[in-house]
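One letter stands for each residue in the lines below.
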Amino acid sequence: MTEMLKKNTRTSITVQLKQGKEIKHNFSLDIDTHLSDPGVVGIFGESGSGKTTFLRSFAGLLKLPSAVISFNDEVWQNDQIFVPTHKRSIGYVFQEDGLLPHLTVQQNLDYAVRRKRKVSMEGLYNKVVSILNIESLLSALPDQLSGGERQRVSIARSLLQQPRILLMDEPLASLDEKRKREILPYLERVSKQFVIPILYVSHSVEEIARLADYVLVFKQGRIVEEGSPNSVFAKENPFIGLSDEVGVVLDGVISAWDEIWELSTVSTDCGDLLIPKAGTVVGTTIRVRILAKDVSLMETPESKSSILNQLSADVLELSRDQNTAMSLVNLRVKSAHLVARISRKSIDQLKIAPGKSLWVQIKAAAVLN
């Protein structure tokens, strides 16, 4: 059995990167992070924030002076050591698929594994091909595939190299929205079926919120926020220009399905939520995103409302919003947190302050998977 299929392995990643300011680009890098058993690490930030520089340095494609990089018990770079890329046990998926155009899909996959030991390769090969659903593509040439299909083959090729960590640099950036939504479930399958840490770079909040177990937010060459998707995306400060994206990410389980009204009951840490067509199979685990702009507040529950989800909550704190007419209200709902974006006038009228008990109405909740 290959290393990435074992369930008893632990992962430790340490990265310290420093790069002096480049006058031409007015950019400096100052990163110091340690990740332990991270699962999927979402590396988020605007263009030019240092995400790709971080990933390329980790891969050994870029050698920065005074860098310290270690993976598990191996030092990949310090003042005395620099392990070249081909000796680092990594798989790298770029924006472009990089498939060899004159080879079929199967030949591209065979080319990737030709230097690997054949022990357990057949089982791994079949598992990768099945999970990424590329059985029917094996005889096709790359130019006969859609963008999403080519990227799935690229991911399969990386997995067949039996890496101990998978690096993904904006893998969906070249795809249109339809193709992105087609391939996201396959990325989820990879993260669940293979016990392999993934560093996933993207500037898409939706991708990171859907896939990541842990999030690093980059801005101007520094990590300005890190933590679980729920803790990170509930704050506005890192998301300059993305105020509409503030919200929470909750893991839930489908506990009931109402066939008449086509509503799923999703049990979460903040209570049961009724969500249209979130799924029909009871017991299915899903991830739900609730944006602050879709949460409203009231003093008492409303019996005659079109909004189905009403929950009791306690106010934890208020914070400023980029829109000076609005404020963010951080709320505790059972054991979870929610965030509401409401006007300052509403805060005054409802006399909202830390410790006050209110009711929240959730106007919409997006199912991420």
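Caption draft 1: Spatial organisation of the sheet that holds strand β9 (residues 214-219). Taken in spatial order, the six strands line up as β6-β7-β8-β3-β9-β10 in an open sheet, and their pairing is mixed. Sheet topology places β6 (90-93) and β10 (222-227) at the edges, where each strand pairs with a single neighbour. Across the sheet, the mean angle from the axis of one strand to that of its neighbour is 20 degrees, orientation sign disregarded. Pairing analysis gives five bridges linking strand β3 (residues 40-44) to strand β8 (residues 198-202), with the strands arranged parallel. Paired with Phe44 across the strands is Ser202, a residue of β8. Running over the sheet, helix α4 (residues 147-160) touches β6 and β7 (165-169) and is turned about 170 degrees from β6. Strands β3, β7 and β8 of the sheet are contacted by helix α5 (residues 177-193), whose axis makes an angle of about 155 degrees with β8.

Caption draft 2: Examining the pattern of salt bridges more closely. Using the criterion set out here, one finds 13 salt bridges in the structure. Among the ionic pairs, Arg289 bridges to Glu245, the shortest N-O distance being 2.6 Å. Highlighted residues: Arg289 in strand β14 (residues 285-291) and Glu245 in the loop between α7 (229-233) and β11 (247-258), separated in sequence by 44 residues. Lys356 is the salt-bridge partner of Glu299, the closest N and O atoms lying 3.9 Å from each other. Of this pair, Glu299 sits in the loop between β15 (295-298) and β16 (309-320) while Lys356 sits in the loop between α8 (344-350) and β19 (357-362), placing them 57 residues apart in sequence.

Caption draft 3: Just α4, in detail. The first and last C-alpha atoms of α4 sit 20 Å apart over 14 residues, in line with the 20 Å expected at 1.5 Å per residue. Across the 14 residues of α4, eleven count as buried, placing the element largely inside the fold. If you check which residues of α4 are buried, you get Gly148, Gln151, Arg152, Val153, Ser154, Ile155, Ala156, Arg157, Ser158, Leu159 and Leu160. Gln162 lies just past α4 and shows a positive phi near 55 degrees.

Caption draft 4: Quick look at the nonpolar core. The biggest cluster of nonpolar side chains holds 48 residues, and the ones touching the most others in it are Leu109, Leu132, Ile155 and Tyr200. Grouped together as the second largest cluster of nonpolar side chains are 34 residues, Ala234, Ala292, Leu328 and Ile362 included.

Caption draft 5: Representation of the confidence of the model for the protein. Residue-level pLDDT values for the protein average 87, and 91% of them are 70 or greater. The least confident element of the protein, judged by mean pLDDT, is strand β1 (residues 12-22) at 78; the most confident is β19 at 96. Counting contacts from residues 1-8, a segment whose pLDDT is below 50, to residues more than four positions away or on other chains yields 19 contacts.

Reading guide: rules and limits
Residues numbered from 1 in each chain as written. Predicted model: local features only at pLDDT ≥ 70, side-chain atom pairs only at ≥ 80, totals over all residues. Heavy atoms only, no water. Pairing = 2+ DSSP bridges. Helix = DSSP H or I, 4+ residues; strand = E, 2+ residues; numbered from the N terminus. Axes fitted to C-alpha atoms, helices over the stretch in contact; angles between N-to-C directions. Contact = heavy atoms within 4.5 Å. Salt bridge = Lys/Arg side-chain N within 4 Å of Asp/Glu carboxyl O. Expected span 1.5 Å × (residues − 1). Buried < 20%, exposed > 50% of the residue type's maximum accessible area, 1.4 Å probe, protein only. Core = buried A, V, L, I, M, F, W, Y, C linked by side-chain atoms within 4.5 Å. pLDDT = per-residue confidence, 0-100.

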